[in-house]
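# Understanding the architecture of this molecule
Take a look at the letters that make up each chain.
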Amino acid sequence: VSRSTAASYRFTVSVGGTPVTFETGAREVVEWCAGRYAGFIVGSDHPALTIHVSIAPPSRPCADIEVRRSGGVWRITHADFEAELDPDGGRGSVRQLPGSPAIDSVLRVGYSLLLARRGAFLLHAASAVRNGKAFVFTGVSGAGKTTLSRLAPPDVSLLTDEISYVMPDGGGYIAAGTPFFGEMGRPGENISAPINSLYLLNKGPENRIDEVAPTEACQAVMRNILFFAEDPEPVRALFAAACRFVTAVPVRRLTFRPEQAAWDLIR
Amino acid sequence: LTPVYLARNPDVAERPFGDEMLVVLLAESRLFCLNPQAALLWRNADGRTPPENIVEKAICREYEVEPAEALADARAAVEELAAAGLLRLSDSPL
């Protein structure tokens, strides 16, 4: 964290090698991010996005998070914050109430916008690295992402139990660790590896892996990609990205009992 | 039977997977998976060819089914696709 002026702090969070810089005059924002994004704070002179954060009440608070696009600017509103992101211009701003975890929501939206331009995406999924290969486990809440993550043996490095970072790399894809966590309550490791498989998760009476038809695989990916708007062009781009992903990466169904032996199938 | 002509909604993105077809209705961000017969209807919904002809020329040849049975299935599929907003129907060529 650098203090660029008497009242301004500047620090950069980098997920998957994509740096996002925050500027703020609020010490509490720096401290919150230092705890939340430990392991993901880096030095960077060339951020993909620079976001100014101020402590102030939102002008139009709303109960549920809303994301709307006007031209190239995305506006995010919520009960305790409002934000604007301009990915083309590389700028953004957040007004948040004191103590709000707004930055985490804004960062997720920001990354989803930045990644969409590269055929990459954030996926509602746990992911982990074993033997130099990444395995991604997607499913709705309750499908077992955190359960499977908690059961991981010592030779497994967890990338996240909640939001996976997936990006194309040559003819395949890589998964990178993220600081976005679920019930595990801690960030993933800031490492990446080529994706070996995507598993559609569900709990069951036995541990088994079944093949999945490409259409089902693509539907599952589309359901679980994080994106917050319904504009036709971004939806078209996400669909193309999901189709490319399921043709490049094996997709299977993992049914598992909540026991560490489930990991015997993941190698 | 009143002649019905079928045309694809142009505001979609589509991707074939084998005989099946995934279609996204872009404005609503809704994803549909068309089975092989529905995918054939979709591919041939050019606004000029009535479903009877699609059934005769595409579905019956591909799947060796009786025309009457195939036509009944096709009518049901057309209704579903139209209700979903994927197909536009007209009693004259589109």
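It should be emphasised that the depicted structure is a prediction, and the values quoted were computed from it without experimental measurement.

## Here's the deal with the state of the cysteines
- In this structure the tally under the stated criterion is zero disulfides over all chains.
- A disulfide-free cysteine, Cys218(A) has its sulfur positioned 3.7 Å from the sulfur of Cys243(A), the nearest such atom.

## Brief notes about the nonpolar core
Residue and element names in this part refer to chain A.
- Formed by 78 residues in total, the largest nonpolar core has its most connected members in Phe-22, Ile-51, Leu-123, Ile-195, Leu-198, Val-221 and Phe-245.
- By residue number, the principal contributor to this core is helix H2 (residues 102-116), which donates nine residues.
- Ignoring anything within four residues of it in the chain, the contact list for Phe-22 reads Tyr-9, Arg-10, Phe-11, Val-13, Ile-51, Val-53, Ile-103 and Leu-107.

## A short note on the interface of chain B and chain A
- Between chain B and chain A, the residue contacts involve 14 residues of the former and 13 residues of the latter.
- Each partner contributes to the roughly 1,200 Å² buried at the junction of chain B and chain A, and carbon and sulfur atoms together form 75% of this total.
- If you sort the residues of chain B by the area they bury against chain A, Phe17(B), Leu26(B) and Leu31(B) come out on top, with a joint share of 41%.
- Along the contact surface separating chain B from chain A lie zero salt bridges.
- Counting across the interface, chain B meets chain A through one residue pair in polar contact (both at pLDDT 80 or more).

## Structural notes on the sheet that holds strand S3 (residues 20-25) of chain B
- Read across the open sheet, the three strands follow the order S2-S3-S4 (chain B); overall the sheet is antiparallel. On the outer flanks of this sheet lie strand S2 (12-17) and strand S4 (30-34) of chain B, each paired with one strand and no other. Put simply, the sheet's adjacent strands are angled 15° from each other on average, direction ignored.
- Alignment of S2(B) against S3(B), held across six bridges, turns out to be antiparallel. Bridging across to S3(B), Val12(B) finds its partner in Leu25(B).
- Helix H5 (residues 232-248) of chain A rests against S2, S3 and S4 of chain B of the sheet, and its axis sits at about 10° to S2(B).

Rules and cut-offs
- Residues numbered from 1 in each chain as written.
- Chains lettered and ligands numbered in written order.
- Predicted model: local features only at pLDDT ≥ 70, side-chain atom pairs only at ≥ 80, totals over all residues.
- Heavy atoms only, no water.
- Disulfide = S-S within 2.5 Å.
- Core = buried A, V, L, I, M, F, W, Y, C linked by side-chain atoms within 4.5 Å.
- Buried < 20%, exposed > 50% of the residue type's maximum accessible area, 1.4 Å probe, protein only.
- Helix = DSSP H or I, 4+ residues; strand = E, 2+ residues; numbered from the N terminus.
- Contact = heavy atoms within 4.5 Å.
- Buried area = accessible area lost by both parts, 1.4 Å probe.
- Salt bridge = Lys/Arg side-chain N within 4 Å of Asp/Glu carboxyl O.
- Polar contact = N/O pair within 3.5 Å; in protein donor to acceptor, adjacent residues only side chain to side chain.
- Pairing = 2+ DSSP bridges.
- Axes fitted to C-alpha atoms, helices over the stretch in contact; angles between N-to-C directions.

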